[in-house]
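Architecture at a glance
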Amino acid sequence: MTSMTSRDSAQKPKLLESRRVLTLILLAAFIWSLLNLDWTSGFIHSGGISAMGEFASALFSLDLSTDTLTTAISASWTTVAYAVAGLTLALLIGIPLGAIGSGVLTKSSWVKVSSTGVTRFTLAFFRSIHELVWAWLFVAAIGLSPIAAVLALAIPYGGILGRIYAELLQDVPEAPLQSLRSTGASEWRVFWYGRLPMALPDMLSYTFYRLECGIRSAAIMSFVGLGGLGHELRIALDDLAYQQVWTYLLFLIGLVVIVDVWSTMVRRRLSE
Amino acid sequence: MTTIEGTSRPTATRFTWPRVTFIRFSMITMMVLIAASWVFVLNADGAQSHSIFSMHTVNRFKDFLSDLLGIGSSSTPAFAQWSEWRLTGHLAYQTLAMSVLAIGFAAIFALTFFMFGARNMMMGDMAPYSSWFWRAVFFLVRGLFVVTRAIPELIWAMLIIFVLSPGLLPGAVALGLHNAGILGKLSSEIVEGLDQRPIQALRSTGAGRFQVMVYGVLPQALPRFVTYLFYRWEVIIRTAIVVGFVSAGVLGTEFRLSMSYFHFTTVALLLIWYLILVLSVDITASYLRRLAR
Amino acid sequence: MALLKNRDQETLYSSASCAVELTGVSKQYGQKEAVAPLSLSIDPGERVAFLGPSGGGKTTLLRLLSGQLETSTGTIMLCHRDLTTMPTGHEVSQLVGMIHQQFDLVPNLSALQNALAGQLGEWSLLKSLVSLVWPLNRGIGLSALARVGVEGIAYQRAGSLSGGEQQRVAIARLLVQDPQVILADEPVSSLDPARAGEVLQLLVGIAEEAGKTLVASMHSVELAREHFSRLIGLRNGVVIFDSPSHEVTEDMLHDLYDLQGLRAEA
């Protein structure tokens, strides 16, 4: 029986293998974060446990009065409207910027580098700031208006969509595009008739996923007073009306689940 | 003639809606929604929205920008004072700690439950002693993921602040809970996509269900899990400022206070720190991600 | 039959072995009959190979023998014990172990960890967890790897090994598991001819040394003839022939693999 390998004795296991280093770093980081907690004062609010109990039991005596239900439904609609409007604006931002940022529209080098660089940077800047921060800034700038909510949602989402679109457009396989070019089509036509249609299913799929996130983002926009489920939730919480809080929470969860299921079904069909 | 050698049970035929009709239906619904939403947004509160597109708004916007930059104000802007930098820098540091704590919580939660949320582990081949119990566990775990995920971080924070005293912890728990559902679902999907053959081979060595999970599934799932971990951390650092609105001792807290006192130059300083944090986390995450390969 | 002891004086494998008895065993999937009712008897220590065209029932039969699949009819006895009555996977694994064509190993773990997996049935959950980071009971794993000739790559990721090395590690795992009956589902079909011969030689050699019953499904007739004492031809779930390998004629093989006949039967 011959040995398969030339080394006759087993190699020693590498101690400083990169994965072990990573695990150590992660563990150390977590412990460091724990140390930053204020361990001297108690973690639980005095009366916190009883509040939790009260809150939990309020689920069983849900507030289903007509008043609450109407508010819930109208707040849900506000949330959905903000999300949809915001997302459509995000598309207007994301598609052009994503197309330019992907670098597939330009050929010559310095134009390409500068245009992709600038757009990529803009997209990154847009999506660095959380939508609620944008919302607060817009409210401070132009006042309490639905447009503020829509803009605050559109900018970061536009940034996210743009980045993903850029990647999807880049990832389109070259072969079909080459055959298009060989028929004498201009670069612009290659994009419209070749690249974009091929990337479109994935783009749509991701956009639908973002819609679900948008619902949640729109819900919390109301923190700055812009109306919607989050706004109603905050009012109910301030009043300690736990049953109402549950109603709004359930509406929110229901809304998210509905959009999630719908978006999953659409995405599955798109990828078939 | 199809060979069925190696399969354990025939696949049932699934009813699916005719593909074209469903997509078309969805598109039409979307169009209607879009139109209705814009009508609503532009007409809410009477004609107020129309006045947005006016010079008045542009001037307000300009005023706001100059306030942020401290132009035309008598006092020194916050971002020109070293002491302010140090104070807010400490808050940024705390925010970073909170984000790490949050992703840690989320990871622990996800690692504990993700195998119970994987369809192929809980039902079917992997469960020769399959019982209603494990099916129930599966649905419970998946339901847990859905609920924790559906509630936005800020709302979690608003609820948690009733129970936990202000500080880093409520924000971290709120962020952690929301992301636990997301990470959990993503991790379960990793498991569902794994090659079944090594796992089945392990079963034939007499390993129990849990041992197979630990020895066969976990090592294969970890690399991609770590990728998702870093991706969520990048999202968490951006949301950490928002959660701070209801928490204490972090960037968001100061942001809220400064906004309410109209200390706009402090707001600008806080935004700068915020961007520094986001950039640093993005860079760190992309570097650490490479270590996982 | 000699027992093999390694340098730590841990017993590598015992020499006991089992008889395999099938009585009226069949397997049906809906309308399709993967394995027609058959009865078979294999003596302890015998080396048997199933031959036949793909889809003919070889893999199904092996999976029935390993307990992975339940029979539609009939009983399987291993060591005079009814396979279906054994409650835990652990008990079954002590009687029968299986090696597949490929993808048997966990690619992210080292060869050593994969080999040690043969003992998972005897380990507690905690021990399994710890072994992910720091393999316990190394000795027996290293000895098994040495026996199959790959101790040099013990700490390498299984996913980075060649096909031949991977199969050897899978055999090492079988050694660690130490079942009475070894099943092999086309163990060398993914290897090039030179490696295939070597690995098969190794497998058969180990089975012979320990006196274990070996039941394999084979793609290559030449290799089967060379290493197995008894050949059974399966086609569409029916046994076409069952005889000692030196008595198998070209005509019998022709009948077994007759393509035209297959198409007609489809």
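Residues numbered from 1 in each chain as written. Chains lettered and ligands numbered in written order. Predicted model: local features only at pLDDT ≥ 70, side-chain atom pairs only at ≥ 80, totals over all residues.

**Some points on the sheet that holds strand S11 (residues 230-235) of chain C**
Residues and elements named next belong to chain C. Counted only if it meets this: Strand pairing is defined by DSSP finding a minimum of two bridges between the two strands. Secondary structure follows DSSP: runs of H or I at least 4 residues long count as helices, runs of E at least 2 residues long count as strands, and numbering of each begins at the N terminus. Every axis corresponds to a line fitted to the C-alpha atoms, with the helix fit spanning only the stretch in contact, and the corresponding angles, defined between N-to-C directions, vary from 0 to 180 degrees.
If you trace the six strands from one edge of the open sheet to the other, you get S8-S9-S10-S5-S11-S12, paired in mixed fashion. This sheet does not close on itself; its edge strands, each paired only once, are strand S8 (96-99) and strand S12 (238-244). Within the sheet, the average angular offset between the axes of one strand and its neighbour, ignoring direction, is 15 degrees. Here strand S5 (residues 47-51) runs beside strand S10 (residues 213-217); their pairing, made up of four bridges, is parallel. Note on S10: the bridge partner recorded for valine 48 is valine 215.

**Focus on the pairing of S12(C)**
All names here are of chain C. Summarising the sheet, S11 and S12 pair through six bridges and their orientation is antiparallel. Each bridged residue has a counterpart across the sheet, and for isoleucine 232 the counterpart in S12 is aspartate 242. Counting the residues between successive antiparallel strands, the hairpin from S11 to S12 contains two residues, one of them, asparagine 236, with a positive phi of roughly 55 degrees.

**Points about the interface of chain B and chain A**
Reports often express the size of an interface as the amount of accessible area lost when the parts come together. Stated precisely, the cut-off is as follows: In this description, a residue-residue contact is defined by the distance between C-beta atoms placed from the backbone, which must lie within 7 Å. Three classes are used, and their members are as follows: Ala, Val, Leu, Ile, Met, Phe, Trp, Tyr, Cys and Pro are nonpolar, Asp, Glu, Lys and Arg are charged, and the others, Gly among them, are polar.
In this assembly, 49 residues from chain B lie in contact with 53 residues from chain A. Residue assignment for the side of chain B that touches chain A shows that the elements contributing at least two residues are helix H1 (19-43), helix H2 (55-69), helix H3 (82-113), helix H5 (132-150), helix H6 (153-160), helix H7 (168-192), helix H9 (209-243) and helix H11 (264-291) of chain B. With 10 residues, the top contributor of residues to the side of chain B that touches chain A is H1(B). Looking at the side of chain B that touches chain A residue by residue, the classes come out as 36 nonpolar, 10 polar and three charged.

**Considerations on the nonpolar core**
Rule in force here: For this entry, the nonpolar core is defined as buried Ala, Val, Leu, Ile, Met, Phe, Trp, Tyr and Cys residues connected by C-beta atoms within 7 Å. To sort residues by burial, count the other C-beta atoms lying within 10 Å of each one's C-beta; a count of 20 or more means buried, 12 or fewer means exposed, and anything in between means partly exposed. C-beta atoms are built from the backbone.
Judged by nonpolar contacts, the single largest core of 231 residues is most densely connected at A:Ala135, A:Met221 and C:Leu145. Broken down by element, the residue count for this core peaks at 17 residues, all from H9(B). In this view, A:Ala135 contacts A:Ala148, A:Ala149, A:Ala152, A:Met221, A:Val224 and A:Leu226; residues no more than four positions away in its chain are not counted.

**A few points about the sheet that holds strand S7 (residues 81-82) of chain C**
All names here are of chain C. As summarised here, the arrangement of the four strands in space is S4-S3-S6-S7, forming an open sheet in which the pairing is antiparallel. The outermost strands of the open sheet, each flanked by one partner alone, are strand S4 (32-42) and S7. Two elements, strand S6 (residues 73-78) and S7, share two bridges in a ladder whose sense is antiparallel. Residue pairing for S7: methionine 77 is matched across the bridge by aspartate 82. Across the sheet, helix H1 (residues 58-66) is in contact with strand S3 (20-29), S4 and S6; its angle to S3 comes to roughly 120 degrees.

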